[in-house]
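# Reading the structure
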Amino acid sequence: MSTLAIGAHVEQTDPVAEAVARDTTLVQFFLGDPQGYKGPEVRYDGGASALRAAAEEAGIDLYVHAPYIVNVATTNNRIRIPSRKLLQQHMDAAAEIGAKGLIVHGGHVNKDDDPGVGFDNWRKAIEATDIKIPLLIENTAGGDNAMARHLDRIAGVWDAISSAEGADRVGFCLDTCHAWAGGIELGDAVEKVRGITGRIDLVHANDSRDDFDSGADRHANFGNGHLPPDEFAAVVREAGAPVICETPGGAAEHVADFAWLRERL
């Protein structure tokens with residue numbers, strides 16, 4: 001399994017150059033502001049078509065991470081409706097650059113809300129979105145009202161969206177730091193997630209600066225955090241999906257993380 005493709009989250013101006021600097025064939029990046037509703041922006045010189053052509057020529061797979069503020073589960077119309085619009089905009093832009101997938105966080109409901117409403121809002125969002133490339137829902141680290149922190153909530157989302165038109169294009173992104181911080185035991189995480197979703201399409205490989213079930217989303221470079229190294233590597237190995245490292249630093253730090261992980265695969 002050491003032949004797994006391992007890449008990193010990179011700065012968005014020239015993802016192809018960032019991939020080359022890391023000697024990798026896949027990278028993930030934002031399109032525009034990850035904290036704003038302004039909409040996607042392709043910063044690559046020449047625009048979307050030029051980025052798509054450059055990536056294809058270099059043999060590099062592109063993944064796009066949707067803005068953090070997207071929350072299609074919430075009962076708050078002032079957040080949910082703009083979130084759906086933003087999700088569609090990023091779906092369109094990611095498809096235009098030839099991305100292999102669009103990653104989006106599971107979101108959350110308000111404290112006194114029935115989680116079932118959040119699950120159904122996910123179903124409505126899937127039905128309302130023109131899904132042009134795989135939409136990968138990512139597990140998250142914190143919050144008692146999160147839709148994708150705990151396994152039972154992930155199951156609730158999957159049950160709800162399974163009947164939605166377009167559900168066959170919805171996949172799962174497993175984040176190791178988020179699983180650890182969110183209270184999901186790493187030992188059987190892959191087995192349990194697959195039992196719920198039937199698939200793992202991408203792994204976000206991240207060590208954690210915080211303790212198990214802390215609810216804190218703070219990534220660390222490999223071997224510098226709290227994840228048990230053998231369990232961490234086993235999750236990546238068993239998932240068998242492309243790997244994106246969202247760890248601190250630039251090319252040198254990422255290359256070191258790649259090496260650390262490959263030694264253990």
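Worth saying up front: this structure is predicted, and the values here are computed from it rather than measured. (Residues numbered from 1 in each chain as written. Predicted model: local features only at pLDDT ≥ 70, side-chain atom pairs only at ≥ 80, totals over all residues. Heavy atoms only, no water.)

## Re the overall build of the protein chain
- On a plain count of helices and strands, the protein chain comes out with nine helices and ten strands.
- The C-alpha atoms of the protein chain give 17 Å as radius of gyration, which agrees with the globular expectation for 265 residues (18 Å, within 12%).
- Taken along the three principal axes of its C-alpha coordinates, the protein chain extends 45 × 45 × 30 Å.
- Pairs at least 24 apart in sequence give 75% of the contacts found in the protein chain among residues at least 6 apart.
- As displayed, the protein chain offers around 10900 Å² of accessible surface, 45% of which is attributable to carbon and sulfur atoms. (Helix = DSSP H or I, 4+ residues; strand = E, 2+ residues; numbered from the N terminus. Rg over C-alpha atoms; globule rule 2.2 N^0.38 Å. Contact = heavy atoms within 4.5 Å. Areas by Shrake-Rupley, 256 points an atom, 1.4 Å probe, with all protein chains shown as cover.)

## Some remarks on the nonpolar core
- Phe 29, Ile 97, Trp 122, Ala 205, Val 236, Val 243 and Leu 261 are the most contacted members of the largest nonpolar core, which has 74 residues in total.
- Discounting chain neighbours no more than four positions away, the residues touching Leu 261 are Ile 6, Ala 205, Phe 222, Ala 233, Val 236 and Val 243. (Core = buried A, V, L, I, M, F, W, Y, C linked by side-chain atoms within 4.5 Å. Buried < 20%, exposed > 50% of the residue type's maximum accessible area, 1.4 Å probe, protein only.)

## Describing the state of the cysteines
- One pass over the structure, following the stated rule, counts zero disulfides.
- Among the cysteines around Cys 173, which has no disulfide bond, Cys 245 carries the closest sulfur, lying 12 Å off.
- Residue classification places Cys 173 among the buried residues on the basis of a relative accessible area of 0%. (Disulfide = S-S within 2.5 Å.)

## Concerning the environment of Gly 101
- The topology assignment puts Gly 101 in strand β4 (residues 101-105).
- A relative accessible area of 0% places Gly 101 in the buried class.
- The sequence separation of Gly 101 and Leu 26 amounts to 75 residues, and the corresponding C-alpha distance is 11 Å.
- If we ignore the near neighbours within four places in the chain, the residues touching Gly 101 are Leu 62, Tyr 63, Val 64, Ile 133 and Pro 134.

## A few points about the UniProt feature "domain: Xylose isomerase-like TIM barrel" (unreviewed entry) in the protein chain
- In the numbering used here, UniProt assigns the feature "domain: Xylose isomerase-like TIM barrel" (unreviewed entry) to residues 24-263.
- This span, residues 24-263, is 40% helix and 15% strand, and a straight line between its end C-alpha atoms measures 16 Å. (UniProt positions renumbered as here; feature names shortened; annotations may be inferred.)

## Points about the packing of aromatic side chains
- Taken as a whole and judged by the stated rule, the model has six aromatic pairs.
- Taking the centre distance of 5.0 Å and the plane angle of 85° together, the rings of Phe 222 and Phe 232 count as edge-to-face. Here Phe 222, found in the loop between β9 (219-220) and α8 (229-239), pairs with Phe 232, found in helix α8; they are ten residues apart in sequence, far enough to count as distant.
- Residue classification places Phe 222 among the buried positions, given a relative accessible area of 5%.
- Phe 232 sits in the buried class, given a relative accessible area of 0%.
- Here Phe 232 and Trp 260 contribute two aromatic rings whose centre-to-centre distance is 5.6 Å and whose plane-to-plane angle is 35°, an arrangement assigned as tilted. Here the residue Phe 232 occupies a position in helix α8, and Trp 260 occupies one in helix α9 (residues 251-264), the gap between them amounting to 28 residues.
- By relative accessible area, which is 14% here, Trp 260 ends up buried.
- Joined through ring pairs, the aromatic side chains of Phe 222, Phe 232 and Trp 260 make up one cluster.
- Its guanidinium or amino end placed over the ring of Trp 260, Arg 264 lies 4.0 Å from that ring's centre, counting from NZ or CZ. (Phe/Tyr/Trp six-rings, centres within 6.5 Å; stacked < 30°, edge-to-face > 60°. Lys NZ or Arg CZ within 6 Å of the ring centre and 35° of its normal.)

## Topic: the pairing of strand β5 (residues 135-138)
- Where burial is concerned, the two faces of β5 agree: the one with Leu 135 and Ile 137 and the one with Leu 136 and Glu 138 are both buried.
- Pairing analysis gives four bridges linking β4 to β5, with the strands arranged parallel. Residue pairing across strands places Leu 102 opposite Leu 135, the latter belonging to β5.
- Handedness of the β4-helix α4 (residues 115-128)-β5 crossover: right-handed. (Pairing = 2+ DSSP bridges. Right-handed = clockwise from strand over helix to strand, strands pointing away.)

## Thoughts on the pattern of salt bridges
- Enumeration according to the criterion identifies twelve salt bridges in this entry.
- Residues Lys 132 and Asp 92 are paired through a salt bridge, measuring 2.9 Å at the closest nitrogen-oxygen approach. With Lys 132 in the loop between α4 and β5 and Asp 92 in helix α3 (residues 77-96), this residue pair connects regions lying 40 residues apart in the sequence.
- Judged by its relative accessible area of 37%, Lys 132 falls in the partly exposed class.
- Using a relative accessible area of 30% as the deciding quantity, one classes Asp 92 as partly exposed.
- A salt bridge links Arg 218 to Asp 210, with the nearest nitrogen and oxygen atoms 2.9 Å apart.
- Exposure remark for Arg 218: the relative accessible area of 37% places this residue in the partly exposed category.
- Taking relative accessible area as the criterion, Asp 210 reaches 13% and is therefore assigned buried. (Salt bridge = Lys/Arg side-chain N within 4 Å of Asp/Glu carboxyl O.)

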